[in-house]
Amino acid sequence: MKLYLAGPMTGRPMFNYPTFALAAARLRAAGYEVLSPHELDAPEVAAAAWASPKGDPADLPESFDLLAVALDNLRHVHACDGVALLPEWARSDGARMGHAAARRFGRRVKPLDDWLACLPEGPEPLARVVPHGGGWYVDDGSPKGVIWFDYEHYAHDLAARINSGAEANGRH
């Protein structure tokens, strides 16, 4: 299973690269394939980020293009099966954008520790929320198991209830 790592970077010492590096290593040790933004930056950007005491964008080289990076990150989220959220992810515009995109693309989104508590070899969730035609549906994998919702939070609530029942029965 391939995960995208999302969390705060700007305004953190060394753009939070140490936290991203540790999280990526922990996920890989647990068997996940990981796409981490700190590993996707150009070498000159990564070197400047590691050297930045306050995570100030002014410390980055002129070649750094925030719009290009943001669009690339959306492509990476789309290419993954899920998103692992680092602590304080909600304080980051980029991580919130990745979170919203993952939900929109129907990807699984959980805090880092929740991914680490469940092995990637396990079966897929029983229910998945899929955006479609201006609404959302919950697909539990059965031919007649599709339920349509006009409001996304209702769809996610039902999927979470179905999946939590699966986890209680030993499935993650």
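Conventions and cut-offs
- Residues numbered from 1 in each chain as written.
- Predicted model: local features only at pLDDT ≥ 70, side-chain atom pairs only at ≥ 80, totals over all residues.
- Heavy atoms only, no water.
- Helix = DSSP H or I, 4+ residues; strand = E, 2+ residues; numbered from the N terminus.
- Salt bridge = Lys/Arg side-chain N within 4 Å of Asp/Glu carboxyl O.
- Buried < 20%, exposed > 50% of the residue type's maximum accessible area, 1.4 Å probe, protein only.
- pLDDT = per-residue confidence, 0-100.
- Contact = heavy atoms within 4.5 Å.
- Expected span 1.5 Å × (residues − 1).
- Arc of directions from axis to C-beta.
- Polar contact = N/O pair within 3.5 Å; in protein donor to acceptor, adjacent residues only side chain to side chain.
- Core = buried A, V, L, I, M, F, W, Y, C linked by side-chain atoms within 4.5 Å.

## Describing unusual backbone geometry
A negative phi holds for most residues other than glycine; trans holds for most peptide bonds.
In step 1: With a phi close to 50 degrees, Phe15 is a non-glycine residue in the positive phi region.
In step 2: For Phe15, the position within the fold is in the loop between strand 1 (2-6) and helix 1 (17-29).

## A short note on the pattern of salt bridges
In step 1: Tallying each qualifying case throughout the model produces seven salt bridges.
In step 2: Of the charged contacts, one joins Arg91 and Glu88 as a salt bridge, the two residues approaching to 4.0 Å between their closest N and O atoms.
In step 3: Of the residues examined, Arg91 reaches a relative accessible area of 66% and is grouped as exposed.
In step 4: What makes Glu88 partly exposed here is its relative accessible area of 42%.
In step 5: A salt bridge links Asp93 to Arg96; its shortest N-O distance comes to 2.5 Å.

## Things to note about the confidence of the model for the protein
Should the pLDDT be low somewhere, the predicted coordinates at that spot are not to be read in detail.
In step 1: Averaged over every residue, the pLDDT of the protein is 80; the share at 70 or more is 69%.
In step 2: By mean pLDDT, strand 7 (residues 146-149) is the weakest element of the protein at 52, and strand 1 is the strongest at 95.
In step 3: Low confidence marks residues 166-172, where pLDDT is under 50. Its contacts with residues over four positions away, or in another chain, come to ten contacts.

## Examining helix 5 (residues 93-104)
Since the α-helix advances by 3.6 residues per turn, residues separated by three or four positions end up pointing in the same direction.
In step 1: Over its twelve residues, helix 5 runs 16 Å from end to end, which matches the ideal 16 Å to within 8%, given 1.5 Å per residue.
In step 2: When helix 5 is considered as a whole, its buried residues turn out to be Ala95, Gly98, Ala101 and Ala102. Taken end-on, helix 5 shows its buried residues confined to a sector of 125 degrees, consistent with a single buried face.
In step 3: Next to the buried residues of helix 5 lie strand 1, helix 4 (66-79), strand 3 (82-85) and strand 4 (108-111).
In step 4: Backbone nitrogen of Gly94 and a side-chain oxygen of the N-cap are separated by 3.4 Å at the start of helix 5; the cap is Ser92.
In step 5: Where helix 5 terminates, the next one or two residues include Gly106, which has phi positive at roughly 80 degrees.

## Overview of the side chain of Asp41
In step 1: Its location among the elements puts Asp41 in the loop between helix 2 (37-40) and helix 3 (43-51).
In step 2: A polar side-chain atom of Asp41 sits 2.3 Å from a polar atom in the side chain of Tyr17.
In step 3: For Asp41, the residues in contact, after removing those within four places along its chain, are Tyr17 and Ala46.

## Here we look at the environment of Ala29
In step 1: Mapping Ala29 onto the fold places it in helix 1.
In step 2: For Ala29, a relative accessible area of 71% puts it in the exposed group.
In step 3: On a C-alpha basis, the gap between Ala29 and Leu116 in space is 9.4 Å, while along the polypeptide they are 87 residues apart.

## Thoughts on the nonpolar core
In step 1: Counting 21 residues, the largest nonpolar core has Leu5, Leu27 and Tyr32 as its most contacted members.
In step 2: Of all the secondary-structure elements, those providing two or more residues to this core are strand 1, helix 1, helix 3 and helix 6 (112-116).
In step 3: Those residues in contact with Leu5, other than ones at most four positions away along the chain, are Phe20, Ala23, Ala24, Leu27, Leu35, Ser36, Pro37, Ala84 and Leu86.
In step 4: In terms of nonpolar packing, the next biggest core, distinct from the first, is built from eleven residues, Val77, Ala95, Ala101 and Val109 among them.

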